[in-house]
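Coordinate inspection notes
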Amino acid sequence: MSEEFLPPPRLSNSSPDQEVTRSSGSTSDLIIPNLSSHSESDPFPVDYVSEDSSSLQSFADRRDETDPDYEPPQESASNSSKPRVTVSTYLPCKLDELAPELERSSAGMESQARAFTALFGVLHKNGIVEKKYVVPRSRLESSFRRDGHRRIEDLANRCPEAIFFDGKEDKNIRLSFKDPTTGKMVHSNGKRSHYSVVEQPSAVPLGMFVPERSTGQGIALGLYLYLEKRKISLQNLRCIGGDNTSANSGYQGGAFREFELLLGRPLQRSLCILHQVELPLRQLYIHYGGGTQAPGTFTGPLGDLIMSSSIWTKPIRVYKTIGKDFPRLDKKTLDNMSDDASLMYKYCIAVETGIHDNFVYRKISNCSTARWITFGTRILRIYLTEGIALNAHATECLERLVSFIVNVYYKVFANVKYKSSLIDAPSHLYDQIRLTKENCQPSEQQVVFKSIQINSYMAHPEAIIIAMLGDKKKEVRQKAVMIIKTVLASEAYVRHIENESGVRRLKKVRQYIKPMINFSCRSYHELVRTKYQKVKGPDNPPKKLVYQTYNNEWEPVTIPPLIRDMTITELERFHIKPMEIKIPCHSQTVEHTVALVSQATQRRRTEDTQLMNVLQVSSARKNFKGKVTHRRFAETENSENAQLPLKKSKLRLEDSDFNRVLYK
């Protein structure tokens, strides 16, 4: 039997007069038109479409209007009045508004497009939408770029009061640049030092820049040129902040100093107080024979236990309680902390009270030399663990570190998280000194005080004056106003002498030199030793107030830049009401942006697309913090669904003994 020829599918534009026969032997039941009636002048009389398709336009509808037999197609009344249905019809918002959350998911554009296509397929299957819509990758990319360009354009409208920055060297990043010889775009992998910029107190990322050199002058110049490129106004800029490294805080060539010289005016300094809190813990660990060789690698008698990957799986022993008067945080403050910080808080409560819960079997994050919060948590877990054989020196080292963490380190850390304003920075430094005196041995005090002295930037007279203006005690605020009047009088006299002599000195930006700390002080406004010096000149000159620097020299006290433009009348208002400042005293928000920049450099190639990713992810995190859990989902439902019982755990926290001592 010869193989039967299967004709093409049904021809949709065949006229009614055509003779149509049906194939008898085909299982596909295709319609076969008779094409003999068509002339050679019309070589393409029909369109080949599937039998169940009616959406394509027929050949007769596409004929020229000059044809005498042409009749324009008429739409039915139902189709003409029906609105145009698109993908956006079935979405509660535009794709541009979903761009930040899509970028936060860290999924590729292709994966996102497939997810949207699958979603509309399910909706079509259930009869919610009429068609199966295919969302192409190009549609998502265009929405990402539109939203990103809009956010970059909005940066030109920013007029920040304070700017914080921090840097990190990113390795194996995706680079795209134009070859100067060929003029073509070159794509490669490499490493760069990206510096992230954040506006405070709004915590809005302003972008990132790559300095030509990683020196203080190079960082300051790169920051200034970047802000100028984005057309960000510096007219109201009064404060600058970041880490207290020498590249930033050096009084001669630091980035803060060089940036002030570019602006031509001084700025208030806000150096991270959390670094000041953590560095003594590191020095104390080194004092007991420990150390670090590489990031996350610890040596010494407890080095192997600190780096253990299963220390939290060990059973708990009967241990001796350590610590007293540990502060209790409310639930709101604890929820705003990171998982590592809240876990360490629970360990401190367990060490002080002797009561613990199932949290002791939670996994502890890896240690980092940039943040020592997980290091302290692992030290506390080692102290609670049963069956660890330690010699006498290691046991003493462990107990002393636990005592310092519970009685000094975490108390100051919690105070910084609870009171994070720039006004509170000197009081946090004083609390650290006071607690060290009360809970540490003389040899340990010497180690801690040396670390505090090296990073004593927030004990500068400018920071202390700001803290005194925001103090709750009226007599302290009055004393601060009196100090400001004394400094203004001496500065006015010096300018008067220069005008009388006719010799005008060049206007200089003051040098921010860290002070010598008075460790025998009884309050934070006594952290620095000050005295009055006589000013040389005629007409009974006023006295000049000076402070002692770390190299035993005396420098004049200057007016804080935050209040330099205020009049005496405005300053005297602080007698009635304390000063309020929302600028933070730590750079934790900047470190979050640094992590976003590192992720963006791995995903995007060009500078603009990397900036778009940072701005969009930051916006998405601000709108919805944390993870999507069953409890948070129930809270977003109506009142009936919000009362649904949640999944019960083996140990209900609200009924445990540990929960009674956990919160305030």
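Bringing the overall build of the protein into the picture now. For the protein, the helix and strand inventory stands at 23 helices and 12 strands. Put simply, of all contacts in the protein between residues at least 6 apart along the chain, 69% involve residues at least 24 apart.

We now examine helix α7 (residues 255-263). Extensive coverage of α7 is indicated by the burial of 7 of its 9 residues. Three or more residues of α7 are buried, namely Ala255, Phe256, Arg257, Glu258, Phe259, Glu260 and Leu263. At the C-terminal side of α7, Gly264 shows a positive phi close to 85°.

Right, let's talk about a nonpolar patch on the surface for a bit. Nonpolar side chains collect at one region of the surface, where Leu221, Leu225 and Leu262 lie side by side and expose about 240 Å² of accessible area between them. Along the chain, Leu262 turns up in helix α7. Since its relative accessible area comes to 37%, Leu262 is described here as partly exposed.

Moving on to the sheet that holds strand β12 (residues 554-556). Spatial ordering of the open sheet is given by β10-β11-β12, a layout of 3 strands whose pairing is antiparallel. Single-partner strands in this sheet number two, and they are β10 (530-534) and β12. Averaged over all pairs of adjacent strands, the angle between their axes in this sheet comes to 45°, without regard to strand direction.

Moving on, we get to helix α19 (residues 588-603). Its 16 residues place the ends of α19 23 Å apart at the C-alpha level, agreeing with the 22 Å of an ideal helix rising 1.5 Å per residue. Taken residue by residue, α19 has Gln588, Val590, Thr593, Val594, Leu596, Val597, Ser598, Ala600 and Thr601 as its buried positions.

The next subject is the packing of helix α5 (residues 216-229) against α7. As a packed pair, α5 and α7 sit with axes 7 Å apart at the nearest point and diverge in direction by 45°. In terms of their interaxial angle, α5 and α7 are classed as oblique. Here α5 runs over α7; the crossing is right-handed. Here Gly216, Gln217, Ile219, Ala220, Leu221, Leu223, Tyr224 and Leu227 of α5 come into contact with α7, specifically with Ala255, Glu258, Phe259, Leu262 and Leu263. Of the residues that constitute the contact of α5 with α7, the class distribution is 10 nonpolar, 2 polar and 1 charged.

Attention shifts here to the pattern of salt bridges. One pass over the structure, following the stated rule, counts 16 salt bridges. A cluster of three or more residues bridged by salt bridges with shared partners is formed by Asp147, Arg150, Arg151 and Asp154.

Another aspect to go through is the packing of aromatic side chains. Centre-to-centre distance and the angle between the planes together describe a pair of aromatic rings. Using the criterion set out here, one finds 17 aromatic pairs in the structure. Note on Phe326 and Tyr345: the rings are 6.0 Å apart at their centroids and 40° apart in plane angle, and the pair reads as tilted. Taken as a pair, Phe326 in the loop between α9 (303-306) and α10 (331-336) and Tyr345 in helix α11 (residues 339-353) lie far apart in primary sequence, 19 residues in all. Accessibility assignment for this pair places Phe326 and Tyr345 in one class, buried. The ring of Tyr383 carries Arg317 above its face, with NZ or CZ at 5.0 Å from the centroid.

On to the environment of Gln602, then. Examined against the element boundaries, Gln602 turns out to sit in helix α19. By relative accessible area, Gln602 is classed as partly exposed at 38%. Between the C-alpha atom of Gln602 and that of Asp170, which follows or precedes it by 432 residues, the distance is 8.9 Å.

Our next topic: the nonpolar core. Counting 150 residues, the largest nonpolar core has Phe259, Tyr409, Tyr410 and Leu527 as the members making the most contacts within it. Per-element accounting of this core gives the leading share, 15 residues, to helix α13 (residues 392-418). Leave out the neighbours within four places in its chain, and Tyr410 touches Phe326, Met337, Ala341, Ser342, Met344, Tyr345, Cys348, Ile373 and Ile405.

This part is about the side chain of Asn248. Checked against the element boundaries, Asn248 lands in helix α6 (residues 246-249). Reaching out from Asn248, the side chain makes a polar contact with the backbone oxygen of Asp243 at a distance of 3.4 Å. If we skip the residues at most four places from it in the chain, Asn248 touches Phe165, Ile219, Asp243, Gly254, Ala255 and Phe256.

Two faces make up the sheet, and in a regular strand the side chains alternate between them. Residues of strand β7 (residues 268-271) alternate between two faces, with Gln268 and Ser270 on one and Arg269 and Leu271 on the opposite face, all of them buried. Two elements, strand β6 (residues 239-242) and β7, share 4 bridges in a ladder whose sense is parallel. Across the sheet, residue Cys239 finds its bridge partner in β7, namely Gln268.

Taken as a whole, the protein shows an average pLDDT of 77; of its residues, 73% reach a score of 70 or greater. Low pLDDT (under 50) marks residues 75-80, which in the prediction has 1 contact with non-local residues, meaning those over four places away or in another chain.

Attention shifts here to the state of the cysteines. In a disulfide, the sulfur atoms of two cysteines are covalently bonded to one another. Applying the stated criterion to the full structure yields 0 disulfides. Unpaired in terms of disulfides, Cys272 finds its nearest cysteine sulfur in Cys585, a separation of 7.9 Å.

The contact between α13 and helix α14 (residues 425-439) brings their axes to 10 Å, and the two run at 160°. Compared by their axis directions, α13 and α14 come out roughly antiparallel. At the point where α13 passes α14, the crossing takes the right-handed sense. Touching Arg400, Ser403, Asn407, Val408, Lys411, Val412, Asn415 and Val416 of α13 are His428, Asp431, Gln432, Leu435, Thr436 and Asn439, all from α14.

What follows is about unusual backbone geometry. For the bond from Gln200 to Pro201, the omega torsion is 5°, close enough to zero to count as cis. Turning to its location among the elements, Pro201 is positioned in the loop between β4 (185-200) and β5 (204-209). Notably, Asp325 is not glycine yet its phi reads approximately 55°, a positive angle. Despite not being glycine, Asn552 shows a phi value in the positive range, around 60°. Mapped onto the secondary structure, Asn552 falls in the loop between β11 (543-548) and β12.

The next thing to look at is the side chain of Gln453. Residue placement: Gln453 occurs in helix α15 (residues 442-454). Judged by relative accessible area, Gln453 falls into the buried class, the value being 14%. Within the structure, the side chain of Gln453 is placed 3.0 Å from the backbone nitrogen of Ile517, a separation counted as a polar contact.

Before going further, it helps to examine the environment of Ala115. Tracing the backbone shows Ala115 in helix α3 (residues 109-125). Each C-alpha atom of the pair Ala115 and Val135 lies 8.9 Å from the other, and the pair is 20 residues apart in sequence.

Take the environment of Thr558 next. Assignment of secondary structure puts Thr558 in the loop between β12 and α18 (568-572). Residues contacting Thr558, with those up to four places away along its chain left out, are Glu462, Ile465, Val487, Glu491 and Arg510. Only 2.6 Å separates the side chain of Thr558 from the side chain of Glu462, close enough to count as a polar contact.

What counts, and where the lines are drawn
Residues numbered from 1 in each chain as written. Predicted model: local features only at pLDDT ≥ 70, side-chain atom pairs only at ≥ 80, totals over all residues. Heavy atoms only, no water. Helix = DSSP H or I, 4+ residues; strand = E, 2+ residues; numbered from the N terminus. Contact = heavy atoms within 4.5 Å. Buried < 20%, exposed > 50% of the residue type's maximum accessible area, 1.4 Å probe, protein only. Patch = residues over 30% accessible without salt bridge, like charges linked within 9 Å, V, L, I, M, F, W, Y side chains within 5 Å. Areas by Shrake-Rupley, 256 points an atom, 1.4 Å probe, with all protein chains shown as cover. Salt bridge = Lys/Arg side-chain N within 4 Å of Asp/Glu carboxyl O. Pairing = 2+ DSSP bridges. Axes fitted to C-alpha atoms, helices over the stretch in contact; angles between N-to-C directions. Expected span 1.5 Å × (residues − 1). Parallel < 35°, antiparallel > 145°, perpendicular 65-115°, else oblique. Left-handed = near helix turned anticlockwise from the far one by under 90°. Nonpolar A, V, L, I, M, F, W, Y, C, P; charged D, E, K, R; others polar. Phe/Tyr/Trp six-rings, centres within 6.5 Å; stacked < 30°, edge-to-face > 60°. Lys NZ or Arg CZ within 6 Å of the ring centre and 35° of its normal. Core = buried A, V, L, I, M, F, W, Y, C linked by side-chain atoms within 4.5 Å. Polar contact = N/O pair within 3.5 Å; in protein donor to acceptor, adjacent residues only side chain to side chain. pLDDT = per-residue confidence, 0-100. Disulfide = S-S within 2.5 Å.

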